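# Coordinate inspection notes
Listed here are the chains, written in short residue letters.
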Amino acid sequence: MERLITIQDKIFTAAEIATVEATKLNAPNKDTELWFPIPREGEVNHNARIDVSKIQMTDKYLGSLYKYLDKALVDFTGFSQPKCDGFVVALSGGLDSAVITKIFADYTNDRGIKLKTIIMGQGDSNMQVDQYKGTPAEWIDIQYAKLMCKDLGLDYEYLDISRDLEALTQGYQTSWAKGGLRPRIRANHLYTMAEEHDLIAVGSTNGSEYILAAFSTGGPAGNIAPLADLYKTEVYAVARDIGIPDYIQTRKPLISELNLADYSLYGGGTVDSTLIDPIIRRLWFQKQKPTQVAKELGHGKRWVIDIDEKRIKGETCRRNYEGFIINRTVKFKDIKPNLTIDRSYFP
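Just so it is clear, the structure is predicted and the values come from calculations on it, not from any experiment.

This brings us to the overall build of the protein chain. When you go through the protein chain residue by residue, the secondary structure sums to 14 helices and 7 strands. The C-alpha radius of gyration computed for the protein chain amounts to 21 Å, which stays within 12% of the reference 20 Å derived for 347 residues, consistent with globular compactness. Residue burial in the protein chain is summarised as follows: out of 347 residues, 50% are buried. Within the protein chain, counting contacts between residues at least 6 apart in sequence, those at least 24 apart form 72% of the total. As displayed, the protein chain offers around 17900 Å² of accessible surface, 51% of which is attributable to carbon and sulfur atoms.

What follows is the structure, given as structure tokens:
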């Protein structure tokens, strides 16, 4: 594939990347405020946090995950051969994909299994940020990804998605439609790379992202998703324990297509997963009412209702809209079908 670049890349330092991160990101605009729960002054209790140091589950998690991966390599069929040879991961430079990449590098190295790591961006990633064709946030992500690979001794390939974006953006006008193209293009390449090389595509969406529907439709990818049942704060604990570099653990999560810091959509500042995860666990898993969550955690009622209505309930369809059910009550007694038909014509 001619767009795969394996030559020696320019590696920017963490300090150089952080300088760009501090100066080149956008603030939320009126469009984003419409869809995201930005708190007002005094609505956030900054003490209602998870203490990450108390999360000690990495050894147990990895032990179970490795057994799961052993089974996946047996169960998945290949494309040009009977079985898959290994895995392909897409490294964005954010925490989640960094954790996935490191876990799978360790797993495959120990077993002599193939791992392909892909970093994707728009144009030459060796350029300074002002000459880079994509957003500054995407440039930041890519540079962190390359730096981590250098520091941990990981091989990677860079895939330029410029031609994909140029071909697809011509027919669309809105920033939302154009922004969503990037994650969908990346997802398409991850799956296609897996099929090309007889590999299992690995996704890096975490459970908090799923609950908040913090993704573009069609963006989350992967035949398997090892972080899908971990809250974001738990991913930080795993990152700490497996040796993810500090500059990845302490950097801001970004939305590259919008050129925003992720948590700026929830208030910014010190608002992060340690504050958001307790709220969404109570709303999503424990089925508490927003007023109860606000009272018990000490947050403003309006803000917690906003999180529930705008992200959890409001984005239900983005996660997975209910199916059109025919005759399903035979197997699932609690599901009311949309249609019941007589299938006595089956021999």
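What follows deals with the side chain of T117. Of note, T117 is situated in strand 3 (residues 114–121). The class for T117 is buried, based on a relative accessible area of 4%.

Two aromatic rings are characterised by how far apart their centres lie and by the angle between their planes. Counted by the stated rule, this structure contains 9 aromatic pairs. Summarising the aromatic geometry, the rings of F87 and F104 are spaced 4.9 Å apart at their centres and angled 70° between planes, so their arrangement reads as edge-to-face. Here the residue F87 occupies a position in strand 2 (residues 86–90), and F104 occupies one in helix 4 (residues 95–111), the gap between them amounting to 17 residues. This pair shows no difference in class: F87 is buried, exactly as F104 is. Three or more aromatic residues link up through ring pairs in this structure, and these residues are Y66, F87, F104 and Y107. Sitting over the ring of Y66, R111 keeps its end group 5.0 Å from the ring centre. Between K287 and the ring centre of W284, over which it is positioned, the NZ or CZ distance is 5.6 Å.

Below, the discussion takes up helix 9 (residues 232–242). Of all 11 residues that make up helix 9, 8 are buried, and the element is covered over most of its length. For helix 9, the complete set of buried residues consists of K232, T233, V235, Y236, A237, V238, A239 and I242. Looking at the buried positions of helix 9, the neighbouring elements they touch are helix 3 (58–75), helix 4, helix 8 (207–212), helix 10 (246–249) and helix 11 (273–285). Looking one or two places after helix 9, you find G243, whose phi comes out positive at around 90°.

As a further point, take the nonpolar core. By size, the foremost hydrophobic cluster in this structure holds 57 residues, and its most contacted members are Y61, F87, V99, I103 and F104. Where this core is concerned, the elements lending two or more residues are helix 1 (14–23), helix 3, strand 2, helix 4, helix 5 (136–152), strand 5 (199–202), helix 9 and helix 10. A per-element tally of this core places helix 5 first, with 9 residues. The residues touching I103, leaving out its near neighbours within four places in the chain, are Y61, L62, L65, Y66, V238 and I242.

Below, the discussion takes up the pattern of salt bridges. If you walk through the whole model with that rule in mind, you get 22 salt bridges. The residue K150 makes a salt bridge to D151 at a minimum N-O spacing of 3.6 Å. The class of K150 is exposed, set by a relative accessible area of 54%. On the basis of relative accessible area, D151 is assigned to the partly exposed category, the value being 41%. The salt bridge partner of R282 is E296, with a shortest N-O separation of 2.4 Å. Residue R282 is found in helix 11, and its partner E296 is found in helix 12 (residues 290–297); the two are separated by 14 residues along the sequence. Shared partners join several salt bridges into a network, and the residues in it are E43, R302, D306 and K310.

Chain-level pLDDT for the protein chain is 91 on average; 96% of the residues reach the 70-or-more range. Here residues 1–7 is a poorly scored stretch, pLDDT under 50, and it has 17 contacts once near neighbours within four places are set aside; other chains count.

In a packed pair of helices, the relevant descriptors are the angle between the two axes and the axis-to-axis distance. With their axes 10 Å apart at the nearest point, helix 4 and helix 9 run at an angle of 45° to one another. With respect to each other, helix 4 and helix 9 are oriented oblique. Judged by the twist between their axes, the crossing of helix 4 over helix 9 is left-handed. Of the residues in helix 9, those in contact with L95, D96, V99, K102 and I103 of helix 4 are K232, V235, Y236, V238, A239 and I242.

About the criteria used
Residues numbered from 1 in each chain as written. Predicted model: local features only at pLDDT ≥ 70, side-chain atom pairs only at ≥ 80, totals over all residues. Heavy atoms only, no water. Helix = DSSP H or I, 4+ residues; strand = E, 2+ residues; numbered from the N terminus. Rg over C-alpha atoms; globule rule 2.2 N^0.38 Å. Buried < 20%, exposed > 50% of the residue type's maximum accessible area, 1.4 Å probe, protein only. Contact = heavy atoms within 4.5 Å. Areas by Shrake-Rupley, 256 points an atom, 1.4 Å probe, with all protein chains shown as cover. Phe/Tyr/Trp six-rings, centres within 6.5 Å; stacked < 30°, edge-to-face > 60°. Lys NZ or Arg CZ within 6 Å of the ring centre and 35° of its normal. Core = buried A, V, L, I, M, F, W, Y, C linked by side-chain atoms within 4.5 Å. Salt bridge = Lys/Arg side-chain N within 4 Å of Asp/Glu carboxyl O. pLDDT = per-residue confidence, 0-100. Axes fitted to C-alpha atoms, helices over the stretch in contact; angles between N-to-C directions. Parallel < 35°, antiparallel > 145°, perpendicular 65-115°, else oblique. Left-handed = near helix turned anticlockwise from the far one by under 90°.

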